[in-house]
Amino acid sequence: MALTLQKPLPIRKEVDPFEGASAETSYYGILNILYYIKAKYVRVHFRYSGYVYIAHCDNIIQDEVLLTAHGFQETQERRGVIQFEAYNRYYMARVLVTRTNENGIFIQFPQELLYLQRRRHIRLRFDDLFMRFSILYSPIGDSRLDEKNLESRFPYVMQEISREDVSLQTMYRMVVGEILEISSDFELVLFSEKKEEALTLAEKMVRDEGKTFYIEDTMRVLSYTSPHERQNLVNLSQLYEQLAEKEGEAGALKYIEEVRREDARNFIVSYILSPISLFGTRIGYVRVETNPFDKKYINPMQAADLDRLLGLFSYAMSKIRIRTSHYNPNSVETRVVNISLSGLLLEFSDAAIFEYLKGNRRIKIVIPIMGEDLELYGEIVRFTERSGFYYLGVLFFKSKPGDMIRLERFIHENMQFQFL
């Protein structure tokens, strides 16, 4: 039997991201870059002996550069790699560790800095640039058809929430007007005003699931046990199925019947509990009910409409809250970490708004520069959390006429202070 020799598999060469990169070899060019990262306290990734340390440039002494890195441990290895970002570029240099002491790590002055262009536009970092912002209307419907249905069913409500300066008073009057079409017996209940042990089963379902609890007819057990066709409407059908599996159908029906009788003893014919949220957190609900004197039932269409209406009202409350806290001139200013002609990175510390903006990414931005307010419109494309602060990367898509030219002039005039 003849043996066939297989050719050895080729060794896969590790890809070097800086292969073919441009290089800065001028001594003064490299010196200016190092002075920049020192002055701006730019983070330097120092790869050494199998570890990556977060370092900063502390000093530049003729042919040596002093780095400081928390938790650094020296080994027999004398070579390392530094990487950092500056002037809209990624820089990398292979360096020699000359010595270490209590002051930090001394590396030999780099002979060259390899770099890759990162962005189309130069990004400048600031310590004293602030902005204000508010959210823009983003489609709330599950589809374009759903959005058109909302516009058709609640035209005045949709017009109001699309405004930059939504009026809570106007929104409240519109909501009350729609509720009165269903019943005059309604109330607004806040969860903060009720103790946990005082919450009913329906209230807990509304708070935990964020759906509208709806009973069409308290005289019919099927109103409690038969699932609703509409996704955002719930009753006790799921609980009934769970009880039936554990205790049998008779035990489950007995429990549901007790709930039904309690509702009937309170002279309730139909009722709805529909949630209200602020930044996605349920804060309460609106209860609407009918009694035997009303001589009418709340139908599924009315229940679904109320659920959508209060969803719009919740959106309006969140929008107004952001406007008063982060957009009005006397509100808390938001720090701009860096900015370019294509976008910016902002920083703030409000966790609730940070989570809410993940679903409402289009914002209007006002930046006071050069004695004028720049109005820019952007979409949030990146979310980062670090050391108790939240960072949002925003990509501009529109601006007030002439403001992009003013921003370009502002960036150009500030470049001379960035050690170019």
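What counts, and where the lines are drawn
- Residues numbered from 1 in each chain as written.
- Predicted model: local features only at pLDDT ≥ 70, side-chain atom pairs only at ≥ 80, totals over all residues.
- Heavy atoms only, no water.
- Buried < 20%, exposed > 50% of the residue type's maximum accessible area, 1.4 Å probe, protein only.
- Helix = DSSP H or I, 4+ residues; strand = E, 2+ residues; numbered from the N terminus.
- Pairing = 2+ DSSP bridges.
- Contact = heavy atoms within 4.5 Å.
- Polar contact = N/O pair within 3.5 Å; in protein donor to acceptor, adjacent residues only side chain to side chain.

A.B. asks: Tell me about the pairing of strand 15 (residues 281-290), residues and numbers included.
C.D. replies: A large share of strand 15 lies buried, amounting to 7 of its 10 residues. Where strand 11 (residues 186-190) lies against strand 15, 5 bridges are found, and the strand directions are antiparallel. The residue of strand 15 that forms the bridge with L190 is G284. Relative to strand 15, strand 14 (residues 270-278) runs antiparallel, the two being bridged by 9 bridges. Bridging from a neighbouring strand, S270 pairs with T290 of strand 15. Connecting the antiparallel pair strand 14 and strand 15 is a turn made up of 2 residues, with F279 showing a positive phi of about 55°.

A.B. asks: Quick rundown of the sheet that holds strand 15? Include the residues and the values.
C.D. replies: Overall, mixed pairing links the 5 strands, which are arranged 11-15-14-12-13 in an open sheet. Each edge of the sheet is formed by a strand with only one pairing partner; in this case those strands are strand 11 and strand 13 (233-234).

A.B. asks: Tell me what's going on with unusual backbone geometry, and back it up with residues and numbers.
C.D. replies: For Q62, which is not glycine, the phi dihedral falls at a positive 50°. In this structure, Q62 sits in the loop between strand 3 (51-61) and strand 4 (64-69). Looking at Q62, the relative accessible area reads 67%, which means it is exposed. Positioned with a positive phi, F267 is a non-glycine residue whose angle comes to about 60°. One can find F267 in the loop between helix 8 (249-265) and strand 14. Under the relative-accessibility criterion, F267 is labelled exposed at 58%.

A.B. asks: Let's hear about the environment of L306: which residues, and what values?
C.D. replies: Structurally, L306 is set in helix 9 (residues 300-326). Not counting residues up to four positions away in its chain, the partners in contact with L306 are I179, I182, I272, S274 and V288.

A.B. asks: So, the environment of Q111: which residues are in play, and what are the values?
C.D. replies: Relative to the helices and strands, Q111 resides in the loop between strand 7 (104-108) and strand 8 (113-117). Classification of Q111 by relative accessible area gives exposed; the value is 62%. Once the C-alpha coordinates of Q111 and K398 are considered, the two residues, 287 residues apart in sequence, prove to be 43 Å apart. Apart from the residues within four sequence positions on either side, Q111 is in contact with E24, T25 and I30. A distance of 3.4 Å separates the side chain of Q111 from the backbone oxygen of F109, its partner in a polar contact.

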